[in-house]
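Chain residues, written in single-letter form:
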Amino acid sequence: MTSMAASELFLRIPSSSSSSNSIPKVAFISGCEPKPTVTFSPKTRGLSTNLVSRRNRRGPVCVASAGIRHFRGSFSKCQGLRFAVVVAQFNEVVTKLLLEGAVETFKRYSVREEDIEVWWVPGSFEIPVLAQKLGKTGKYDAILCIGAVIRGDTTHYDAVANSAASGVLSAGLNSGVPCIFGVLTCDDMDQALNRAGGKAGNKGSEAAVTAIEMATMFQEHIG
Ligand SMILES: Nc1c(NC[C@H](O)[C@H](O)[C@H](O)CO)[nH]c(=O)[nH]c1=O
Ligand SMILES: CC(=O)[C@@H](O)COP(=O)(O)O
(Lines give C-alpha, C1' and ligand atoms only; values in the text may rest on other atoms or scores of the structure.)
(Ligands and ions follow the chains in the order given, each with its own letter.)
Protein backbone atom coordinates (compact mmCIF):
# COMPACT_ATOMS: atom_id res chain seq x y z
CA MET A 1 0.00 0.00 0.00
CA THR A 2 1.74 3.16 -1.10
CA SER A 3 -0.85 5.66 -2.17
CA MET A 4 -3.44 5.79 0.54
CA ALA A 5 -4.35 9.04 2.22
CA ALA A 6 -4.24 8.89 5.98
CA SER A 7 -7.94 9.77 6.04
CA GLU A 8 -8.70 6.75 3.87
CA LEU A 9 -7.29 4.53 6.55
CA PHE A 10 -10.32 5.36 8.65
CA LEU A 11 -12.61 4.18 5.89
CA ARG A 12 -10.96 0.82 5.65
CA ILE A 13 -10.58 -0.05 9.23
CA PRO A 14 -10.47 -2.54 10.72
CA SER A 15 -8.86 -4.10 7.68
CA SER A 16 -5.84 -6.35 7.76
CA SER A 17 -2.56 -4.69 8.49
CA SER A 18 -0.63 -2.64 5.98
CA SER A 19 2.22 -4.13 4.00
CA SER A 20 4.29 -0.98 4.44
CA ASN A 21 6.05 -0.62 7.74
CA SER A 22 6.03 3.18 7.60
CA ILE A 23 2.43 3.93 6.82
CA PRO A 24 0.41 4.45 9.97
CA LYS A 25 -1.26 1.32 11.24
CA VAL A 26 -4.67 1.46 12.81
CA ALA A 27 -5.60 -0.12 16.09
CA PHE A 28 -8.67 0.05 18.23
CA ILE A 29 -9.24 -0.16 21.91
CA SER A 30 -11.01 -3.44 22.44
CA GLY A 31 -14.78 -3.01 22.39
CA CYS A 32 -14.46 0.28 20.61
CA GLU A 33 -14.42 -1.04 17.07
CA PRO A 34 -16.38 1.57 15.19
CA LYS A 35 -18.85 1.62 12.37
CA PRO A 36 -17.75 4.96 11.06
CA THR A 37 -19.84 7.26 8.99
CA VAL A 38 -17.19 9.35 7.40
CA THR A 39 -17.76 12.45 5.35
CA PHE A 40 -15.23 14.76 3.83
CA SER A 41 -15.98 18.43 3.73
CA PRO A 42 -14.91 20.02 0.44
CA LYS A 43 -14.88 23.41 2.12
CA THR A 44 -12.44 22.70 4.88
CA ARG A 45 -11.13 19.42 3.59
CA GLY A 46 -11.39 18.24 7.15
CA LEU A 47 -12.40 14.76 8.07
CA SER A 48 -15.78 14.59 9.70
CA THR A 49 -16.55 11.35 11.41
CA ASN A 50 -18.25 9.79 14.36
CA LEU A 51 -14.85 8.76 15.64
CA VAL A 52 -12.27 10.54 17.64
CA SER A 53 -8.81 9.25 17.03
CA ARG A 54 -6.07 9.71 19.54
CA ARG A 55 -2.67 9.12 18.10
CA ASN A 56 -0.46 6.42 19.43
CA ARG A 57 2.84 7.38 17.87
CA ARG A 58 2.02 6.65 14.21
CA GLY A 59 -1.35 5.00 14.59
CA PRO A 60 -4.68 6.32 15.74
CA VAL A 61 -6.38 4.73 18.70
CA CYS A 62 -10.12 4.99 18.63
CA VAL A 63 -12.45 6.38 21.22
CA ALA A 64 -15.98 7.35 20.39
CA SER A 65 -17.47 10.78 19.84
CA ALA A 66 -19.46 12.67 17.22
CA GLY A 67 -19.35 15.69 14.97
CA ILE A 68 -15.73 16.53 15.42
CA ARG A 69 -13.59 17.25 12.39
CA HIS A 70 -10.12 15.80 12.35
CA PHE A 71 -7.12 17.13 10.52
CA ARG A 72 -3.97 15.21 9.89
CA GLY A 73 -1.22 15.03 7.37
CA SER A 74 -1.45 12.82 4.34
CA PHE A 75 1.07 10.43 2.90
CA SER A 76 -0.37 10.18 -0.59
CA LYS A 77 0.06 13.71 -1.89
CA CYS A 78 3.77 14.23 -1.52
CA GLN A 79 4.71 14.89 -5.10
CA GLY A 80 5.60 18.56 -5.42
CA LEU A 81 6.40 19.03 -1.75
CA ARG A 82 9.75 20.75 -1.24
CA PHE A 83 12.07 19.93 1.61
CA ALA A 84 15.34 21.36 2.88
CA VAL A 85 17.46 19.06 4.98
CA VAL A 86 19.93 20.86 7.25
CA VAL A 87 22.63 18.40 8.30
CA ALA A 88 25.50 18.73 10.77
CA GLN A 89 28.93 17.59 9.62
CA PHE A 90 29.96 16.88 13.22
CA ASN A 91 29.77 13.12 13.76
CA GLU A 92 29.25 12.79 10.04
CA VAL A 93 29.57 9.01 10.19
CA VAL A 94 26.20 9.11 11.95
CA THR A 95 24.56 12.07 10.25
CA LYS A 96 25.24 10.64 6.79
CA LEU A 97 23.29 7.52 7.71
CA LEU A 98 20.44 9.59 9.12
CA LEU A 99 20.40 11.63 5.92
CA GLU A 100 20.32 8.46 3.79
CA GLY A 101 17.36 7.21 5.79
CA ALA A 102 15.57 10.52 5.35
CA VAL A 103 16.15 10.72 1.60
CA GLU A 104 15.10 7.11 1.11
CA THR A 105 11.88 7.81 2.97
CA PHE A 106 11.13 10.99 1.02
CA LYS A 107 11.57 9.04 -2.20
CA ARG A 108 9.39 6.20 -0.96
CA TYR A 109 6.59 8.72 -0.60
CA SER A 110 7.19 10.07 -4.12
CA VAL A 111 9.00 13.25 -3.16
CA ARG A 112 11.13 14.14 -6.19
CA GLU A 113 14.91 14.41 -5.90
CA GLU A 114 14.83 17.90 -7.38
CA ASP A 115 12.55 18.94 -4.52
CA ILE A 116 15.07 17.94 -1.87
CA GLU A 117 17.96 20.20 -0.95
CA VAL A 118 20.69 19.25 1.52
CA TRP A 119 22.44 22.04 3.41
CA TRP A 120 25.52 21.07 5.43
CA VAL A 121 26.47 23.05 8.55
CA PRO A 122 29.52 22.50 10.80
CA GLY A 123 27.69 21.22 13.89
CA SER A 124 24.26 20.85 15.45
CA PHE A 125 24.66 24.22 17.14
CA GLU A 126 24.61 25.87 13.71
CA ILE A 127 21.44 24.11 12.51
CA PRO A 128 18.79 26.48 13.89
CA VAL A 129 20.02 29.73 12.35
CA LEU A 130 20.07 28.18 8.88
CA ALA A 131 16.77 26.36 9.38
CA GLN A 132 15.08 29.62 10.29
CA LYS A 133 16.65 31.47 7.37
CA LEU A 134 15.60 28.77 4.92
CA GLY A 135 12.12 28.62 6.40
CA LYS A 136 11.67 32.33 5.90
CA THR A 137 12.49 32.11 2.19
CA GLY A 138 9.10 30.46 1.68
CA LYS A 139 10.68 27.97 -0.70
CA TYR A 140 10.15 24.87 1.42
CA ASP A 141 7.19 23.01 2.86
CA ALA A 142 9.27 21.72 5.77
CA ILE A 143 12.83 21.85 7.03
CA LEU A 144 14.30 18.61 8.33
CA CYS A 145 17.15 19.12 10.79
CA ILE A 146 19.65 16.32 11.24
CA GLY A 147 22.51 16.07 13.72
CA ALA A 148 24.17 13.79 16.23
CA VAL A 149 25.23 15.19 19.58
CA ILE A 150 27.29 12.69 21.53
CA ARG A 151 28.23 13.18 25.17
CA GLY A 152 31.87 13.95 25.92
CA ASP A 153 33.68 14.59 29.20
CA THR A 154 32.34 18.05 29.90
CA THR A 155 28.98 19.79 29.97
CA HIS A 156 29.47 20.94 26.40
CA TYR A 157 27.05 18.21 25.30
CA ASP A 158 24.17 19.77 27.23
CA ALA A 159 24.78 23.18 25.73
CA VAL A 160 24.87 21.87 22.18
CA ALA A 161 21.93 19.47 22.60
CA ASN A 162 19.68 21.97 24.36
CA SER A 163 20.56 24.76 21.96
CA ALA A 164 19.84 22.56 18.97
CA ALA A 165 16.48 21.48 20.38
CA SER A 166 15.25 24.89 21.43
CA GLY A 167 16.78 26.48 18.34
CA VAL A 168 14.97 24.16 15.94
CA LEU A 169 11.75 24.82 17.81
CA SER A 170 12.30 28.58 17.52
CA ALA A 171 13.16 28.26 13.85
CA GLY A 172 9.80 26.68 13.19
CA LEU A 173 7.88 29.16 15.29
CA ASN A 174 9.66 32.18 13.84
CA SER A 175 9.47 31.09 10.22
CA GLY A 176 6.02 29.49 10.31
CA VAL A 177 7.44 26.51 8.43
CA PRO A 178 7.58 23.13 10.17
CA CYS A 179 11.14 22.50 11.35
CA ILE A 180 11.58 18.89 12.33
CA PHE A 181 13.99 17.77 15.06
CA GLY A 182 16.04 14.89 13.71
CA VAL A 183 18.99 15.49 16.01
CA LEU A 184 20.18 12.53 18.05
CA THR A 185 21.29 13.23 21.60
CA CYS A 186 23.23 10.19 22.74
CA ASP A 187 25.51 9.04 25.52
CA ASP A 188 27.90 7.29 23.16
CA MET A 189 28.56 6.39 19.53
CA ASP A 190 26.92 2.97 19.91
CA GLN A 191 23.63 4.56 20.89
CA ALA A 192 23.90 6.89 17.94
CA LEU A 193 24.68 4.20 15.36
CA ASN A 194 21.85 2.06 16.69
CA ARG A 195 19.50 4.93 15.84
CA ALA A 196 21.04 5.62 12.45
CA GLY A 197 19.98 2.41 10.75
CA GLY A 198 21.00 -0.04 13.48
CA LYS A 199 19.00 -1.93 16.09
CA ALA A 200 16.80 1.03 16.98
CA GLY A 201 15.84 1.93 13.43
CA ASN A 202 16.73 5.07 11.54
CA LYS A 203 15.63 8.28 13.21
CA GLY A 204 16.38 10.21 10.03
CA SER A 205 13.76 8.17 8.28
CA GLU A 206 11.27 8.73 11.10
CA ALA A 207 11.95 12.45 11.01
CA ALA A 208 11.26 12.47 7.26
CA VAL A 209 7.86 10.88 7.89
CA THR A 210 7.16 13.63 10.41
CA ALA A 211 8.27 16.25 7.89
CA ILE A 212 5.87 14.87 5.30
CA GLU A 213 3.03 14.74 7.79
CA MET A 214 3.53 18.34 8.86
CA ALA A 215 4.12 19.62 5.33
CA THR A 216 0.91 18.06 4.02
CA MET A 217 -1.02 19.20 7.09
CA PHE A 218 0.01 22.79 6.43
CA GLN A 219 -0.48 22.55 2.68
CA GLU A 220 -3.86 20.86 2.71
CA HIS A 221 -5.49 22.32 5.75
CA ILE A 222 -3.88 25.67 6.44
CA GLY A 223 -2.40 26.86 3.16
N1 LIG B 1 30.09 17.98 20.12
C2 LIG B 1 29.21 18.07 19.12
C3 LIG B 1 29.07 19.23 18.36
N4 LIG B 1 29.81 20.30 18.66
C5 LIG B 1 30.03 21.36 17.77
C6 LIG B 1 28.96 22.42 17.85
O7 LIG B 1 27.79 21.96 17.23
C8 LIG B 1 29.37 23.68 17.12
O9 LIG B 1 29.67 23.39 15.78
C10 LIG B 1 30.57 24.36 17.74
O11 LIG B 1 30.35 24.57 19.10
C12 LIG B 1 30.81 25.74 17.07
O13 LIG B 1 29.70 26.60 17.22
N14 LIG B 1 28.20 19.26 17.34
C15 LIG B 1 27.43 18.17 17.03
O16 LIG B 1 26.63 18.21 16.10
N17 LIG B 1 27.56 17.04 17.77
C18 LIG B 1 28.43 16.96 18.81
O19 LIG B 1 28.50 15.88 19.47
C1 LIG C 1 29.14 17.56 22.64
C2 LIG C 1 30.50 17.99 22.22
O3 LIG C 1 30.73 19.04 21.71
C4 LIG C 1 31.61 17.09 22.59
O5 LIG C 1 32.53 16.95 21.54
C6 LIG C 1 32.30 17.72 23.76
O7 LIG C 1 33.22 16.85 24.26
P8 LIG C 1 33.92 17.22 25.65
O9 LIG C 1 32.81 17.44 26.63
O10 LIG C 1 34.74 16.00 25.99
O11 LIG C 1 34.73 18.44 25.41
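Below is a summary of the structure that appears in this document. This one's a predicted model, so the numbers in the text were calculated from it and none came from an experiment.

## Description of the overall build of the chain
Step number 1: A tally of regular secondary structure across the chain gives six helices and ten strands.
Step number 2: Of all 223 residues assigned to the chain, the portion counted as buried reaches 45%.
Step number 3: Expressed as a percentage of contacts within the chain between residues at least 6 apart in sequence, the contacts between residues at least 24 apart total 71%.
Step number 4: Accessible surface, the chain: about 11400 Å² in total, of which carbon and sulfur atoms supply 53%.

## Some thoughts on the site of ligand 1
Step number 1: In the region of ligand 1, the neighbouring residues are F90, N91, G123, S124, F125, E126, A148, V149, I150, H156 and V160.
Step number 2: A distance of 2.8 Å separates a nitrogen atom of ligand 1 from a polar backbone atom of A148.
Step number 3: At the level of secondary structure, the elements contributing two or more residues to the shell around ligand 1 comprise β7 (142-150) and α4 (156-175).
Step number 4: The element that contributes the greatest number of residues to the shell around ligand 1 is β7, accounting for three residues.

## Some points on the packing of helix α3 (residues 127-137) against α4
Step number 1: At a minimum axis separation of 8 Å, α3 and α4 run at an interaxial angle of 10 degrees. Accordingly, the angle class assigned to the pair α3 and α4 is roughly parallel. Pair α3 / α4 crosses with right-handed handedness. Every residue of α4 that contacts α3 at I127, P128, A131, Q132, G135 and K136 is listed here: S163, A164, G167, V168, S170, A171, N174 and S175.
Step number 2: Residue composition of the contact of α3 with α4, grouped by class: six nonpolar, seven polar and one charged.

## Comments concerning the packing of aromatic side chains
Step number 1: Applying the stated rule across the entire model yields two aromatic pairs.
Step number 2: Ring centres of F75 and Y109 lie 5.5 Å apart, and the angle between their planes is 50 degrees; on these two criteria the pair is classed as tilted. Of this pair, F75 sits in the loop between β4 (59-70) and β5 (83-88) while Y109 sits in the loop between α2 (92-108) and β6 (116-121), placing them 34 residues apart in sequence.
Step number 3: A relative accessible area of 4% means that Y109 is categorised as buried.
Step number 4: Both rings, one in F83 and one in F106, keep their centres 4.3 Å apart while their planes meet at 20 degrees; by these two values the pair is stacked.

## Considerations on the sheet that holds strand β8 (residues 179-186)
Step number 1: Read across the sheet, four strands follow the order β6-β5-β7-β8 without closing on themselves; strand pairing throughout is parallel. Looking at strand neighbours, the two that pair on one side only are β6 and β8, the edges of this open sheet. Taken over all neighbouring pairs, the strand axes of this sheet differ in orientation by 15 degrees on average, direction set aside.
Step number 2: Relative to β7, β5 runs parallel, the two being bridged by five bridges. For V85, the partnering residue across the bridge sits in β7 and is L144.
Step number 3: Strand contacts of α4: β7 and β8, with the helix running at about 175 degrees to β8, the strand carrying the most contacts.
Step number 4: In this fold helix α6 (residues 203-222) packs onto β5, β7 and β8, with an angle of close to 160 degrees to the strand it touches most, β8.

## Here we look at the pattern of salt bridges
Step number 1: For the structure shown, the criterion picks out seven salt bridges.
Step number 2: We note a salt bridge from R112 to E114, for which the minimum N-O separation is 3.9 Å.
Step number 3: The class for R112 is partly exposed, based on a relative accessible area of 35%.
Step number 4: Judged by its relative accessible area of 60%, E114 falls in the exposed class.

Each value, and the rule that gives it
Note that residues are indexed from 1 along each chain, following the sequence as it is written. A letter from A marks each chain and a number from 1 marks each ligand, given out in the order of writing. pLDDT decides what is reported in this predicted model: residues at 70 or higher carry local features, side-chain atom pairs at 80 or more are listed and counted, and totals for whole chains, interfaces and linings draw on all residues regardless. To obtain the side-chain values, all non-hydrogen atoms of the structure were used and water was disregarded. Secondary structure follows DSSP: runs of H or I at least 4 residues long count as helices, runs of E at least 2 residues long count as strands, and numbering of each begins at the N terminus. Accessible area is worked out with a 1.4 Å probe on protein chains only. A residue is then buried under 20% of its type maximum, exposed over 50%, and partly exposed in between. It only takes one pair of heavy atoms within 4.5 Å for two residues to be counted as in contact. The Shrake-Rupley method, run with a 1.4 Å probe sphere, supplies the accessible areas, and residue values consider only the shown protein chains as cover. The criterion for a residue being near a molecule or strand is simple. One of its heavy atoms has to lie within 4 Å of it. Pairs of N or O atoms are called polar contacts if they sit within 3.5 Å, as long as, within protein, a hydrogen donor faces a hydrogen acceptor (for residues adjacent in sequence, only side-chain-to-side-chain pairs). Only the stretch in contact is used when a helix axis is fitted, and all axes are lines through C-alpha atoms; the angle between N-to-C directions ranges over 0 to 180 degrees. Here the angle decides the label: under 35 degrees means roughly parallel, over 145 means roughly antiparallel, 65 to 115 means roughly perpendicular, and every other value means oblique. Should the near helix be turned anticlockwise from the far one by less than a right angle, the crossing is termed left-handed; should it be turned clockwise, right-handed. Only Asp, Glu, Lys and Arg are considered charged, only Ala, Val, Leu, Ile, Met, Phe, Trp, Tyr, Cys and Pro nonpolar, and every remaining residue, Gly among them, polar. Only Phe, Tyr and Trp rings take part, Trp by its six-membered ring, and two of them pair if their centres are within 6.5 Å. Stacked means planes under 30 degrees apart, edge-to-face means over 60, and tilted covers everything else. Strands were regarded as paired on the criterion that DSSP finds at least two bridges between them. Any Lys or Arg side-chain nitrogen found within 4 Å of a carboxyl oxygen on Asp or Glu counts as a salt bridge.

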